[in-house]
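As a plain string of letters, each chain reads:
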Amino acid sequence: MMHEMLKDKDAVIFDMDGSLVDSMWMWRAIDIEYLGRFGISLPEDLQAKIQGMSFSETAVYFKERFQVPDSLEEIKDQWNCMAWDKYTHEVPLKKGIPEFLEGCRQNGIKLGIATSNSRELVENVAQVHHLRNYFSSIITGCEVKRGKPAPDVYLAVAEQLQVEPSRCLVFEDILPGIQAGLNAGMSVCAVEDDYSASDQEAKKALAHYYIQDYQGLF
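Because the structure is predicted, anything quoted here is derived from the model rather than measured.

### A look at the pattern of salt bridges
Inspection of the entire model under this criterion finds twelve salt bridges. With a closest N to O distance of 2.8 Å, D193 and K94 form a salt bridge. In this pair, D193 is assigned in the loop between strand 5 (187-191) and helix 9 (200-206) and K94 in the loop between helix 4 (72-89) and helix 5 (97-106), connecting sequence segments 99 residues apart. Judged by relative accessible area, which is 4%, D193 ranks as buried. We note a salt bridge from R132 to E123, for which the minimum N-O separation is 3.0 Å. Residue classification places R132 among the partly exposed residues on the basis of a relative accessible area of 36%. Salt bridges linked by common partners bring R119, E123, R132 and E143 together as one network.

### Remarks on the sheet that holds strand 5
Read from one edge of the open sheet, six strands run 3-2-1-4-5-6, paired in parallel fashion. A single partner strand is all that each edge strand has here, and the edge strands are strand 3 (137-140) and strand 6 (209-211). The sheet shows a mean angle of 20° between the axes of neighbouring strands, direction not considered. Sheet topology places strand 4 (residues 168-172) next to strand 5; four bridges connect them, and they run parallel. Looking at strand 5, one finds that F171 is bridged to C189. Across the sheet, helix 5 touches strand 1 (11-14), strand 2 (110-115) and strand 4, and the angle it forms with strand 1 is around 150°. Across the sheet, helix 6 (residues 119-128) lies against strand 2 and strand 3, angled at about 145° from strand 3, the strand it touches most.

### Quick notes on the nonpolar core
Counting residues in each nonpolar core, the largest one holds 49 residues, and the members touching the most others are V12, F14, W79, Y87, F135 and F171. Setting aside anything within four residues of it in sequence, one finds W79 in contact with W27, I30, Y34, F55, T58, A59 and F62. In this structure, V153, A158, L161 and V188 belong to the second largest nonpolar core, which totals 21 residues.

### Re helix 1 (residues 24-36)
In this model helix 1 runs 19 Å from its N-terminal to its C-terminal C-alpha over 13 residues, within 8% of the 18 Å that 1.5 Å per residue would give. Taken as a whole, helix 1 has its buried residues at M24, M26, W27, I30, D31, Y34 and L35. All buried residues of helix 1 fall inside an arc of 155° around its axis, so they share one side. Buried positions along helix 1 lie against helix 2 (46-50), helix 3 (55-66), helix 4 and helix 6.

Analysis parameters
Residue positions are counted from 1 within each chain, in the order its sequence is given. Side-chain atom pairs in this predicted model are given and counted only at pLDDT of 80 or more, local residue features only at pLDDT of at least 70, and totals for whole chains, interfaces and linings cover all residues. Hydrogen atoms and water are omitted, and side-chain values are computed over all heavy atoms in the structure. Any carboxyl oxygen of Asp or Glu that lies within 4 Å of a side-chain nitrogen of Lys or Arg is treated as forming a salt bridge with it. The numbering of helices and of strands both runs from the N terminus, where a helix is a DSSP run of H or I of at least 4 residues and a strand a run of E of at least 2. Buried residues are those whose accessible area, probed at 1.4 Å on protein chains only, stays under 20% of the maximum for their type, while exposed residues exceed 50% and partly exposed ones sit between those limits. A pair of strands counts as paired when DSSP detects no fewer than two bridges linking them. Helix axes are fitted to C-alpha atoms over the stretch in contact, other axes to C-alpha atoms as well, and angles between N-to-C directions run from 0 to 180 degrees. Residue contacts follow a heavy-atom distance rule, with two residues in contact if any of their heavy atoms lie within 4.5 Å. As used here, the term nonpolar core means buried Ala, Val, Leu, Ile, Met, Phe, Trp, Tyr and Cys residues forming a set that is joined through side-chain atoms within 4.5 Å. Working rule for helices: expected span equals 1.5 Å times residues minus one. Within this analysis, the arc is defined by the directions that extend from the helix axis to the C-beta atoms.

In C-alpha cells:
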C-alpha cells in the first residue's frame, strides 16, 4: 500500500546527508579534525552557521572565518579525502531505503538527489551502496547559483527529471533543506535524524510530512 504522500507524485528527490544516508555525525568529526590541524577548536555555533551551505560555500566560510592557510581547492580536497573513507566504511543507508527505492522504481516514480555535498562524495556514496542505477539526476549545491535554503538545487533536479515541481516529493532532515524544498514549490517530508533532534518540533511544523525512517512506505 503506497503512502498518501506519494500519491500524485512523479518524482522523489532526496537530500543526501541525514536523509538518504546516516552521515551528519561524520561532518562534525571532520570539522574537529580539520580545524585541529591549525590548533583551532570547534566553535559551538559552527554547525548552525554552515547548515545548508554548499561544499564550496562552506570552504569559503572556513577560509574567511578561520583564516586557514590552505587554498579553497586544498580545503575541499582534504575534506573529500577525510570523508571518503568514512562514507565507504562507516556510513549506513537510512533504514528502509533499499526497499523504498525499489518501490519507487516499480511504481514509475523518478528519483533524484539534491545535495549540498561535493560531486566526488555523492558519487562515492551511490557507488558504495549500489544506488547509481536508481537515480536519473544527481545535482550538487556547487553546480547551482545558491545553496539551501534557496530552491536552486531542487529546481535543477526537477528540470533534469522533466517533472513539474508540484509533482515532486522532497526528503530532508534539516530546516534550511526543508525550506529549500518548500521554496521550490514541492511537497516536503522531514526525516528524523539524531543530529537535528533539537529541531524536531520545528521540522514537524514546517514540513508537510514527518517520518522516522523509510520502512513501510510501500
